[in-house]
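Residue strings, one per chain:
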Number of protein chains: 2
Amino acid sequence: MPVPTFHGRIQATYGLTLSSGESPEARAKAIAFEQTVELPPERVSHELVSGVVGQVERLEPGEGDRWLATISYSSTLAGGNFSQLMNLLYGNISLLSGVRLLEVEWPDDLLARFAGPRFGLEGLRGLCGVEARRPLICAVSKPLGLSPRQLAELVGLLARAGVDIIKDDHSLADQPTAPFRERVAVCQKAVEEVNRSGGTSAVYFPSLGGRPRELLDNVGYLQETGCRGAVVIPFYMGLDTMAGLAADSDLVLLAHPSGSGVFFDPEHGVAPEVYLGQVLRIAGCDAVIYPHAGGRFRMDEAAASAIRSNLLGELGTLRPAAPAPGGSIETAALVEWLDLYGPDSVFVVGSSVARAEDPKAAAEELVSTVREAFV
Amino acid sequence: MPVPTFHGRIQATYGLTLSSGESPEARAKAIAFEQTVELPPERVSHELVSGVVGQVERLEPGEGDRWLATISYSSTLAGGNFSQLMNLLYGNISLLSGVRLLEVEWPDDLLARFAGPRFGLEGLRGLCGVEARRPLICAVSKPLGLSPRQLAELVGLLARAGVDIIKDDHSLADQPTAPFRERVAVCQKAVEEVNRSGGTSAVYFPSLGGRPRELLDNVGYLQETGCRGAVVIPFYMGLDTMAGLAADSDLVLLAHPSGSGVFFDPEHGVAPEVYLGQVLRIAGCDAVIYPHAGGRFRMDEAAASAIRSNLLGELGTLRPAAPAPGGSIETAALVEWLDLYGPDSVFVVGSSVARAEDPKAAAEELVSTVREAFV
């Protein structure tokens, strides 16, 4: 068999939590074989070992009793789709324990096969007509259970208050209380009316989903209705579905992290800065909602900061995606967050507006807080 | 707002690991709100609380310091697709810690919206021409790195040895060493030749994936080539994609658990008997590969047994799916497994045949072991 020519190698660093007496060398080697040929070393030919099996590039002690193992894989093994890319990086080893994917270096030839965000942060700014270097403000149309008319009123109110992006709560789907098409039509109309009368460019992003045929129909409906983006759940909808939407839908994809928390165990899984910060960007998400540190979800400051750096930093020729911190952001505490995160952010303020006695006043306060911080 | 009429309720039981001093009542209530209206209780109207918010139905102490909370959700909240169904059952709470979905009771009106397996265990038996009450034998075409010709030789050898199903290793995608179309064509031809000359009905299931358009093309190619099924990775490809394939492709879907291990933390995530045993069946997988207890992956006997019961047991009018234990099953130990699992199984024997010095003899021994056990 001719040994294929491989151009780039993915460098994947795993944190290993070993059982007592376990050899870090043996563990790292087992992962390199498991994730590629899925055979024990003694039955793999020399040609396959050198051409196909992952190579342990570095092995060093980490914090406490953990070890860090960097394993490189030929980028051609990812086979051109995201399910295989993730299967290569974190497939069978998910069924073990104490293996956490901490960091990935992506070779250019791999990144070149994936287009990344179609709009990204700058495209989203352009759509919302926000040229100033200030953060974008995203408020949420919620909760599940309201009628289309009630949701459209809230959407209109938020747009009039000066919010840039109004997104559906990600739990809004096609429920009888507010069927998808009916809800989208009236909410989009509400935003357009505000824009027309006020000269603004607010956008409404409905929650989008569905089995493949229905998803295509729903995308078509959003395009007809004039929606420019949608809220999606990559963890459950699948990364290849994201890439398909990015390539074909012309919608801004605002990714919600629902479900993805199962990746974020401290000893096992995939680090949030890899999954939310890199993988979703490579898969074409234009903005990625993530739990900010100190909110009601599990996220520390180092990880939140790394998600942000990865979404914005250099990654081949891929456009930067917008970091969208959310999860219990209170307007009262926002000044501090504005200072910490700076202008390249989309602040997702959901319940603190939706639960206010006077949502209109709460939304106006939110908008003026952000604008005054970036005069 | 009129309170909608709800017909069925999903009963979801979560295991809660509490921090010291935390109230189980408050924790359960917080989950019921988080997973539906995503608002704190004080700002939700009475109508929404009674019609939309999850209801805590039972709360009782579990093992150790854990609690069991059963929360019911109106089945209409799932909104007709799997991403929303999973978002409802295990969405934002994935971003917390110490919340594990242990058990789900599915109301009939929900199950009626999802078709489940198109073939199931009996359909698969029929395709393979195995009417006898014996387990089906599935061997694996591997490893990644072999050429199409080498893989086709192995496929032919396995078919001649009397294996019922020969599946691609799930890491075979569209890599340069064995491009998808070329590999599928020669492997399918190899099986057909053996069937023609030997009067057998072995089937070859290639590994299937791709971004949405490419996936459709690949499905079309499998149909043209005469393949009757495929290996899929539901965790990464997405459950709605599974349901789409089940509805439209006419392929037997053999689900591989790659990636899904991140769900299976003992304190957080989704129990394997729910995800692998119920959710994948509802999403249309005909056979589900799962790690058998005592193999190289993390799985205990109780969970393995519950996966099996859930795949085979009554679930609305859905067809039973085939339990397919795998992961280091050795022919030598198979007699014990045959006894334990009985005839309604697909035994996936991968590396112990592929790594044998003489794969032909190993496959023949495997086949005769199974047939002799079920004379």
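Parameters and conventions
Residues numbered from 1 in each chain as written. Chains lettered and ligands numbered in written order. Predicted model: local features only at pLDDT ≥ 70, side-chain atom pairs only at ≥ 80, totals over all residues. Helix = DSSP H or I, 4+ residues; strand = E, 2+ residues; numbered from the N terminus. Rg over C-alpha atoms; globule rule 2.2 N^0.38 Å. Buried ≥ 20, exposed ≤ 12 C-beta atoms within 10 Å, placed from the backbone. Contact = placed C-beta atoms within 7 Å. Pairing = 2+ DSSP bridges. Axes fitted to C-alpha atoms, helices over the stretch in contact; angles between N-to-C directions. Least-squares fit on C-alpha atoms with pLDDT ≥ 70 in both. Domains from an automatic or database assignment. Nonpolar A, V, L, I, M, F, W, Y, C, P; charged D, E, K, R; others polar. Expected span 1.5 Å × (residues − 1). Right-handed = clockwise from strand over helix to strand, strands pointing away.

## Remarks on the overall build of chain A
Next, step 1: Looking only at helices and strands, chain A has 15 helices and 13 strands in total.
Next, step 2: Taken over the C-alpha trace, chain A has a radius of gyration of 22 Å; the compact-globule value for 375 residues is 21 Å, and the two agree within 12%.
Next, step 3: In terms of its C-alpha atoms, chain A occupies a principal-axis envelope of roughly 70 × 45 × 35 Å.
Next, step 4: Put simply, chain A has 375 residues, and 57% of those count as buried.
Next, step 5: A separation threshold of at least 6 residues defines the contact pool for chain A, and within that pool the share at least 24 residues apart is 72%.

## Things to note about the sheet that holds strand β4 (residues 99-105) of chain B
Residue and element names in this part refer to chain B.
Next, step 1: The strand order across the open sheet built from five strands is β2-β3-β1-β4-β10, with neighbouring strands paired in mixed fashion. One side of each edge strand has no neighbouring strand; the edge strands of this open sheet are β2 (55-61) and β10 (269-270).
Next, step 2: Sheet strands in contact with helix α3 (residues 82-90) are β1 (9-17), β3 (66-74), β4 and β10, and its direction is about 120° off that of β4.
Next, step 3: Sheet contacts for helix α11 (residues 272-282): β4 and β10; angle to β4, the most-contacted strand, approximately 40°.

## Details of the relation of the copies chain A and chain B
Next, step 1: Aligned on chain B, chain A shows an RMSD of 0.0 Å; the corresponding rotation is 180° and the shift along the axis is 0.0 Å. Between the two chains, the operation in question is that of a two-fold axis. Residues of chain A ranked by C-alpha distance from the rotation axis are headed by Gly238(A), positioned 2.2 Å from it.
Next, step 2: In this assembly, 99% of the residues forming the interface of chain A have copies in chain B that are likewise at the interface, indicating an isologous arrangement.

## Quick look at the sheet that holds strand β10 (residues 269-270) of chain A
Residue and element names in this part refer to chain A.
Next, step 1: In spatial order, the strands read β2-β3-β1-β4-β10; together these five strands make up an open sheet with mixed pairing. Either end of the sheet is taken by a strand with one partner, and the two such strands are β2 (55-61) and β10.
Next, step 2: Where strand β1 (residues 9-17) lies against strand β3 (residues 66-74), nine bridges are found, and the strand directions are antiparallel. Bridge pairing in β3 links Thr-17 to Arg-66.
Next, step 3: Where helix α1 (residues 24-34) meets the sheet, it contacts β1, β2, β3 and β4 (99-105), and its direction lies at approximately 145° from that of β2.

## Overview of helix α1 (residues 24-34) of chain B
Next, step 1: If you check which residues of α1(B) are buried, you get Arg27(B), Ala28(B), Lys29(B), Ile31(B), Ala32(B), Phe33(B) and Glu34(B).
Next, step 2: Packing partners of the buried residues in α1(B) comprise β1, β2, β3 and β4 of chain B.

## Side note on the domain arrangement of chain A
Residue and element names in this part refer to chain A.
Next, step 1: Partitioning chain A into domains gives domain 1 (9-111) and domain 2 (120-373).
Next, step 2: Distance from the C-alpha centre of domain 1 to the C-alpha centre of domain 2: 34 Å.
Next, step 3: On the side of domain 2, 15 residues touch domain 1, which itself brings 17 residues to the contact.
Next, step 4: Of all the elements in the fold, those that place two or more residues in the side of domain 1 that touches domain 2 are α3 (82-90), β4 and α4 (108-111).
Next, step 5: Of all the elements, β4 adds the most residues to the side of domain 1 that touches domain 2, at six residues.
Next, step 6: A breakdown of the residues in the side of domain 1 that touches domain 2 according to their chemical character gives nine nonpolar, five polar and three charged.

## Focus on helix α6 (residues 148-160) of chain A
Residue and element names in this part refer to chain A.
Next, step 1: Between the first and last C-alpha of α6 there are 18 Å, a value that for 13 residues agrees with the 18 Å anticipated at 1.5 Å per step.
Next, step 2: Turning to α6, its buried residues are Leu-151, Ala-152, Leu-154, Val-155, Gly-156, Leu-157, Leu-158 and Ala-159.
Next, step 3: Backbone geometry just after α6 places Gly-162 at a positive phi near 105°.

## Some remarks on the pairing of strand β6 (residues 165-168) of chain B
Residue and element names in this part refer to chain B.
Next, step 1: Every second residue of β6 is oriented toward a common face, with Ile-165 and Lys-167 on one face and Ile-166 and Asp-168 on the other, all of them buried.
Next, step 2: Relative to β6, strand β5 (residues 136-141) runs parallel, the two being bridged by four bridges. When the bridges of β6 are listed, Ser-141 appears paired with Asp-168.
Next, step 3: Assessed by its sense of winding, the connection that carries the chain from β5 through helix α6 (residues 148-160) to β6 is right-handed.
Next, step 4: Looking at chain direction, β6 and strand β7 (residues 203-205) are connected through three bridges and run parallel. For Ile-166, the partnering residue across the bridge sits in β7 and is Tyr-204.

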